[in-house]
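The lines below spell out each chain.
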Amino acid sequence: DAKTTQPPSMDCAEGRAANLPCNHSTISGNEYVYWYRQIHSQGPQYIIHGLKNNETNEMASLIITEDRKSSTLILPHATLRDTAVYYCIVRVVSGGYNKLIFGAGTRLAVHP
Amino acid sequence: GAGVSQSPSNKVTEKGKDVELRCDPISGHTALYWYRQSLGQGLEFLIYFQGNSAPDKSGLPSDRFSAERTGGSVSTLTIQRTQQEDSAVYLCASSFQGGNSPLHFGNGTRLTVT
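Residues numbered from 1 in each chain as written. Chains lettered and ligands numbered in written order. Predicted model: local features only at pLDDT ≥ 70, side-chain atom pairs only at ≥ 80, totals over all residues. Heavy atoms only, no water.

Draft legend 1. Structural view of the packing of aromatic side chains. Using the criterion set out here, one finds 10 aromatic pairs over all chains in the structure. Between the aromatic rings of A:Tyr87 and A:Phe102, the centroid separation amounts to 5.3 Å while the plane-to-plane angle is 85°, which identifies the pairing as edge-to-face. Here A:Tyr87, found in strand 8 (residues 84–90), pairs with A:Phe102, found in the loop between strand 10 (97–99) and strand 11 (106–111); they are 15 residues apart in sequence, far enough to count as distant. On the basis of relative accessibility, which here comes to 4%, the residue A:Tyr87 falls in the buried class. Classification of A:Phe102 as buried rests on a relative accessible area of 8%. Look at B:Tyr33 and B:Tyr48: their rings are 5.0 Å apart centre to centre, the planes differ by 40°, and that puts the pair in the tilted class. Separated by 15 residues along the polypeptide, B:Tyr33 in strand 4 (residues 31–37) and B:Tyr48 in strand 5 (residues 43–50) bring together distant segments of the chain. What links up through ring pairs into an aromatic cluster is the set A:Tyr36, A:Tyr46, A:Tyr87, A:Phe102, B:Tyr35, B:Phe45 and B:Phe105. (Phe/Tyr/Trp six-rings, centres within 6.5 Å; stacked < 30°, edge-to-face > 60°. Helix = DSSP H or I, 4+ residues; strand = E, 2+ residues; numbered from the N terminus. Buried < 20%, exposed > 50% of the residue type's maximum accessible area, 1.4 Å probe, protein only.)

Listed below in structure tokens is the structure:
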């Protein structure tokens, strides 16, 4: 299984971009990178996923390096409500279904 | 639209009692997952359903834990003879079948065993 490495914590000022890094140097060619976040006392929330190309949706942008060994989740204008634990997950290819293995994540604190 | 619904949201039980936790997935989602999150810990995979069958039960921690799914919809996670170490938040997620479909989680059931 491909492992991911994320910093345990980060800070960001409200209104600024939050750039959350993730290393996945052992990723294989058919494994996707997924990002989820978990706000206190809630279930994890899906943010975005990608394979090779950069992806953008209404929540965030995902930048994947050309060698696919690392990626960055970008929240373009962080708000206080973005304070959460952010999980970078490389999908385990197992039986054709989407078994996600969660690590410790990055605790993002957005401050005024 | 409606998301994944779990009930109860909180459950306090005495050690040795059995508990049942319920999950209503998003309509049309054929894949269903159970996870567990102990206090201050990450999410631990328990079991996966495709329709009513469970091809991956590898995360169930002991034979006191079982789960079933009926009608390809509602799932129940049962813990028999609960122990204090079973205290955790039990999370359910569902998705469309297909390798890249993202999982959508409920807000979990917080189980406390006294």
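From this point, the discussion proceeds with the structure in view.
Draft legend 2. Expanded view of the sheet that holds strand 2 (residues 18–23) of chain A. Residue and element names in this part refer to chain A. Reading across the sheet, the four strands line up as 2-7-6-5 and stay open at both edges, with antiparallel pairing between neighbours. Of all the strands in the sheet, the pair left with one neighbour each is strand 2 and strand 5 (55–56). One ladder, built from four bridges, connects strand 6 (residues 61–64) with strand 7 (residues 70–75); its direction is antiparallel. Paired with Ile63 across the strands is Thr72, a residue of strand 7. (Pairing = 2+ DSSP bridges.)

Draft legend 3. Seen up close, the interface of chain B and chain A. Across the contact, 20 residues belong to chain B and 19 residues belong to chain A. Of the roughly 1,600 Å² buried between chain B and chain A on both sides combined, carbon and sulfur atoms contribute 51%. At the surface where chain B touches chain A, the tally comes to one salt bridge. The tally of links between chain B and chain A comes to six residue pairs in polar contact (both at pLDDT 80 or more). At the level of secondary structure, the elements contributing two or more residues to the side of chain B that touches chain A comprise strand 4 and strand 5 of chain B. In terms of residue class, the side of chain B that touches chain A is built from nine nonpolar, 10 polar and one charged. (Contact = heavy atoms within 4.5 Å. Buried area = accessible area lost by both parts, 1.4 Å probe. Salt bridge = Lys/Arg side-chain N within 4 Å of Asp/Glu carboxyl O. Polar contact = N/O pair within 3.5 Å; in protein donor to acceptor, adjacent residues only side chain to side chain. Nonpolar A, V, L, I, M, F, W, Y, C, P; charged D, E, K, R; others polar.)

Draft legend 4. Broad picture of the nonpolar core. Counting residues in each nonpolar core, the largest one holds 21 residues, and the members touching the most others are A:Leu20, A:Trp35, A:Leu73, A:Leu75, A:Tyr86 and A:Leu108. Residues B:Val89, B:Leu91, B:Ala93 and B:Phe105 belong to the second largest nonpolar core, which totals 20 residues. (Core = buried A, V, L, I, M, F, W, Y, C linked by side-chain atoms within 4.5 Å.)

Draft legend 5. Quick peek at the pattern of salt bridges. Residue and element names in this part refer to chain B. This structure, assessed with the given rule, holds five salt bridges over all chains. Among the salt bridges present, the one from Glu44 reaches Arg36, with a minimum N-O distance of 3.1 Å. Here Glu44 falls in the partly exposed class, since its relative accessible area comes to 32%. Between Arg64 and Asp86 there is a salt bridge, with its nearest N and O atoms 2.8 Å apart. Of this pair, Arg64 sits in the loop between strand 6 (53–56) and strand 7 (65–69) while Asp86 sits in the loop between strand 8 (75–79) and strand 9 (88–95); the two residues are 22 residues apart in sequence, bridging distant segments of the chain.

Draft legend 6. Broad picture of the side chain of A:Thr106. Take A:Thr106: it is sitting in strand 11. Among residues more than four places away in sequence, those in contact with A:Thr106 are A:Gln6, A:Pro7, A:Pro8, A:Ser9, A:Met10, A:Leu20, A:Ala84, A:Val85 and A:Tyr86.

Draft legend 7. Main features of the pairing of strand 4 of chain B. Residues and elements named next belong to chain B. A large share of strand 4 lies buried, amounting to seven of its seven residues. Residues of strand 4 alternate between two faces, with Ala31, Tyr33, Tyr35 and Gln37 on one and Leu32, Trp34 and Arg36 on the opposite face, all of them buried. Across seven bridges, the pairing between strand 4 and strand 5 is antiparallel. Each residue of the ladder has a partner; that of Ala31, found in strand 5, is Gln50.

Fair warning: the whole summary comes from geometry, so function is off the table for now.
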